[in-house]
Amino acid sequence: MIQITLIVDGRSRTYAAAEVCMRTSLEAYRLFREYSAAGGDYSDDLLARCASFVCGCFGDVFTVDQLLDGYQGSAFALYPSLLNAVVGYVHDKIVNFPEPAAPATEAATPAN
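Keep in mind the model is a prediction, meaning the values are calculated, not measured.

1. Topic: unusual backbone geometry
Okay, step 1: A positive phi angle, near 55°, is found at Asp9, a position not held by glycine.
Okay, step 2: Along the chain, Asp9 falls in the loop between β1 (3–8) and β2 (11–16).
Okay, step 3: Owing to a relative accessible area of 67%, Asp9 belongs among the exposed residues under this scheme.
Okay, step 4: Its identity is not glycine, yet Asp60 carries a phi of approximately 55°, on the positive side.
Okay, step 5: Given the relative accessible area of 55%, Asp60 is considered exposed.

2. So, helix α2 (residues 44–57)
Okay, step 1: An ideal rise of 1.5 Å per residue puts 20 Å on 14 residues; α2 measures up with 20 Å between its terminal C-alpha atoms.
Okay, step 2: Of all the residues in α2, the buried ones are Leu46, Cys50, Ala51, Phe53, Val54, Cys55 and Cys57.
Okay, step 3: Backbone geometry just downstream of α2 places Gly59 in the positive-phi region, at approximately 70°.

Cut-offs applied
- Residues numbered from 1 in each chain as written.
- Predicted model: local features only at pLDDT ≥ 70, side-chain atom pairs only at ≥ 80, totals over all residues.
- Heavy atoms only, no water.
- Helix = DSSP H or I, 4+ residues; strand = E, 2+ residues; numbered from the N terminus.
- Buried < 20%, exposed > 50% of the residue type's maximum accessible area, 1.4 Å probe, protein only.
- Expected span 1.5 Å × (residues − 1).

Fair warning: the whole summary comes from geometry, so function is off the table for now.
This is how it looks when you write it as structure tokens:
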């Protein structure tokens, strides 16, 4: 589960991300690829889209302003970590689908 803690209205609040769908994973991949390609020269537009994406992952229960003011850390650490986590979350779901069956137990064969 992906979580984030923000200071909102002077209180520490932890939010859990909603279930991640394939569309969200693809958007995370696009943003991650663009973020990585920027090589440290991040446009204001890219940073704004990353912030909006983070809010969307959590069901927009907090605003971009609450994220920017309430996250106690660097955007340059949060954005790639969260984007990578979202892509990985869906990947793990796909790799593990369908759930592997429990190993079959062999029936005991009678001794001769």
